[in-house]
Amino acid sequence: MQKLLKGMLVFLAVLLAAGGWPQGIYASSKGATISSDQIPGWPKAPKIVETTGVLIEDSTNTILYDKGMHQRMYPASTTKVLSALLAIENSDLSEEVVFTETGTREVTADSANIGMQVGEVLTMEQCLYAMMLSSANEVSSQVAEHVAGSVEKFVEMMNQKAQELGCTDSHFANANGWHDDNHYTSAYDMAKILQAAIRNETFCAISGSQSYVIPPTNYHAEARELGNHHAMLMPGHYHYEGVFAGKTGNTDQAGNTLLTACKKNDITLICMVMQSQEADVVDDTAKLLDYGYGKFQKLQMTDPAQTKEGGYAYVPAGLKAKDIESQDTPREDLVFSQYLYQGVPVGTALAAPAASANETDAAPAEDSLEEELSKVQSTGDDQRVIYYVIIGVLSLLILGGVLLIIKTIYQRKKQ
């Protein structure tokens, strides 16, 4: 009995350590628990084999599915989404990228590449297609050097950009996702990065292409034909209607990872699944997308004529607007609203009061509106974490009571 009691006490200590820190590393090889399943009234989520995963509705930032979404993981080549976005924002597609030893040293048998040579020239546009479709590691590193002067400086840009996007679980050490113990992120952070990337039309056009041809270059006499590695974008068995952007990733340490954006009926879902040792990432992504489209609905919460931004909630199917709590914060001629269901953020809005709905001359700039809305959404993420911590503490209290009863019974038997 003493051994049993000690074992349960050790388990309690481990559970407390894991439950108290959302960004902690899970020891179980089966992965994290599905936190979203603990929300009362939330649709039961499908099981996935990946260690972690997240599903987010884009317009409301509603987190539909959370399996260890803040757990630090290795991203592999999904890293290239951030690298490509930075390259698009800081260069012109027609710029010539001259390859040096920086890139070509990564043309090896164990590294995804398109066989670039020292002195060979591609345009930035061609480089971006090679990065996103063929996952060319040497091209990613060369683009980093071209944009920032060195890979190291580009990595600084990556970490700064991630911070600006609200990523709190990430540290990037290279531009291509090649394994490094100090190169890590989370399912949530990568979803936020893709959420930012799909705002860029150039990124979407490149990432969503099924194929691309790089014509002969100064060092390569034949054209290079590139095909997208993301099976859900391609014709065939794994094709998923509506998928328009994303990135695959695989290393021995990261396992298989898959980052995906899908749009149906004007609803965009972003999914990230991380660390599968089998080729289940496509099937599991499809399960989560089916769940997001089939078990939830979009509710209009404000008068469109008065709404500056947002005004919708994405909630379990069958709910009505009256079932959703609204927390309003007046500010000058605007009202910031956050929508909650069971304490979970499910949408936000910026709306003008009816009396000033037509007074456009006093309205703040659009950038200001977006910035304020982002603050409200960030607060919602914090509230969600608090919600899960409260559930964890209550579970621990119950477990503690059970242990106390066991100890009391044991002591009485001993007497």
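Preceding this section is the structure that the text describes.
This one's a predicted model, so the numbers in the text were calculated from it and none came from an experiment.

(A) Up close: the overall build of the chain. For the chain, the helix and strand inventory stands at 10 helices and 15 strands. Within the span of the chain, comprising 415 residues, buried residues form 50% of the whole. Contacts in the chain between residues at least 24 apart in sequence constitute 62% of all its contacts with a sequence separation of at least 6. As presented, the chain carries roughly 19,400 Å² of accessible surface, and 52% of it is formed by carbon and sulfur atoms.

(B) Structural context of the packing of aromatic side chains. Evaluation of the coordinates by the stated rule reveals five aromatic pairs. Here a set of aromatic residues connected by ring pairs shows up, and it is made of W42, Y291, F296, Y314 and Y341. Above the face of the Y312 ring, K298 is positioned so that its terminal group lies 4.6 Å from the ring centre.

(C) Seen up close, the pattern of salt bridges. Under the criterion given, the structure shown has seven salt bridges. For R199, the salt bridge identified is with D58, shortest N-O distance 2.9 Å. Linking R199 in the loop between α7 (187-197) and α8 (201-207) with D58 in the loop between β1 (52-57) and β2 (62-67), this pair joins segments that are 141 residues apart in sequence. For R199, a relative accessible area of 52% gives the class exposed. Note that K287 is salt-bridged to D284, the shortest N-O span being 3.5 Å. Placement of both K287 and D284 in helix α9 (residues 281-294) is noted, with a separation of three residues, approximately one turn of the helix.

(D) Quick peek at the pairing of strand β14 (residues 334-341). When you tally the buried positions in β14, you get seven out of eight residues, the bulk of the element. Strand direction decides the pairing type here: strand β13 (residues 325-331) and β14, joined by seven bridges, are antiparallel. Across the sheet, P330 pairs through a bridge with V335, a residue of β14. From the end of β13 to the start of β14, which pair antiparallel, there are two residues, and E332 there has a positive phi angle of about 50°. Relative to strand β15 (residues 344-351), β14 runs antiparallel, the two sharing seven bridges. The partner of Y339 across the bridge, within β15, is G347. Two successive antiparallel strands, β14 and β15, enclose a turn made up of two residues, where Q342 displays a positive phi of approximately 55°.

(E) Structural view of helix α5 (residues 137-148). Here α5 contains 12 residues, and its C-alpha end-to-end distance of 17 Å stays within 8% of the 16 Å for a straight helix at 1.5 Å per residue. Counting buried positions along α5 gives 10 out of 12 residues, so the element sits mostly inside the fold. For α5, the set of buried residues is N137, E138, V139, S140, S141, Q142, V143, A144, V147 and A148. On its buried side, α5 packs onto α2 (80-89), β3 (96-98), α3 (101-104), α4 (124-133) and α6 (151-164). Positive backbone phi, at 95°, marks G149, one or two positions downstream of α5.

(F) Summary view of the sheet that holds β14. The strand order across the open sheet formed by four strands is β11-β15-β14-β13, and the pairing between neighbours is antiparallel. Only two strands of the sheet have a single neighbouring strand rather than two, namely β11 (307-310) and β13. Going across the sheet, the axis of each strand differs from the next one's by a mean of 20°, ignoring polarity.

(G) Quick look at the sheet that holds strand β7 (residues 243-251). An order of β2-β1-β9-β8-β7 is seen for the five strands of this open sheet, with the pairing classed as antiparallel. Strands at the two margins of the open sheet, each flanked by one partner only, are β2 and β7. Across the sheet, the axes of successive neighbouring strands diverge by a mean angle of 5°, strand direction being ignored. Sheet topology places strand β8 (residues 255-264) next to strand β9 (residues 267-276); eight bridges connect them, and they run antiparallel. Of the residues in β9, the one forming a bridge with L258 is V273.

(H) Quick peek at the packing of α2 against α4. Closest axis-to-axis distance for the α2/α4 pair is 10 Å, and the angle between their directions is 170°. In terms of orientation, α2 lies roughly antiparallel with respect to α4. On the side of α2, the interface is formed by K80, V81, S83, A84, A87 and I88, while α4 contributes M124, L128, M131 and M132.

(I) Structural context of the side chain of D284. Assessed through its relative accessible area of 3%, D284 is described here as buried. Contacts of D284, omitting those with residues within four sequence positions, involve K47, I48, V49 and E50.

(J) Highlighting unusual backbone geometry. Located in the positive-phi region is N61, a residue other than glycine, with phi close to 65°. Looking at the secondary structure, you find N61 in the loop between β1 and β2. In this model, A76 sits at a positive phi of 55°, which is unusual for a non-glycine residue.

(K) Region of interest: the state of the cysteines. Across all of its chains, the model carries zero disulfides by this definition. With no disulfide partner, C271 has as its closest neighbouring cysteine sulfur the one in C262, 9.8 Å distant. Residue C271 is classed as buried on the basis of its relative accessible area, which comes to 0%.

(L) A look at the nonpolar core. Ranked by internal contacts, the top residues of the largest apolar core, which has 59 residues, are I114, V139, L194 and F203. Examining the composition of this core, we find that eight residues originate from one element, α4, more than from any other. Once residues within four sequence positions are removed from consideration, V139 is found in contact with F99, I114, M116, C127, A130 and M131. Residues L64, L288, Y293 and A349 belong to the second largest nonpolar core, which totals 37 residues.

Conventions adopted
Residues numbered from 1 in each chain as written. Predicted model: local features only at pLDDT ≥ 70, side-chain atom pairs only at ≥ 80, totals over all residues. Heavy atoms only, no water. Helix = DSSP H or I, 4+ residues; strand = E, 2+ residues; numbered from the N terminus. Buried < 20%, exposed > 50% of the residue type's maximum accessible area, 1.4 Å probe, protein only. Contact = heavy atoms within 4.5 Å. Areas by Shrake-Rupley, 256 points an atom, 1.4 Å probe, with all protein chains shown as cover. Phe/Tyr/Trp six-rings, centres within 6.5 Å; stacked < 30°, edge-to-face > 60°. Lys NZ or Arg CZ within 6 Å of the ring centre and 35° of its normal. Salt bridge = Lys/Arg side-chain N within 4 Å of Asp/Glu carboxyl O. Pairing = 2+ DSSP bridges. Expected span 1.5 Å × (residues − 1). Axes fitted to C-alpha atoms, helices over the stretch in contact; angles between N-to-C directions. Parallel < 35°, antiparallel > 145°, perpendicular 65-115°, else oblique. Disulfide = S-S within 2.5 Å. Core = buried A, V, L, I, M, F, W, Y, C linked by side-chain atoms within 4.5 Å.

Such coordinate-based values are descriptive only and should not be taken to indicate function.
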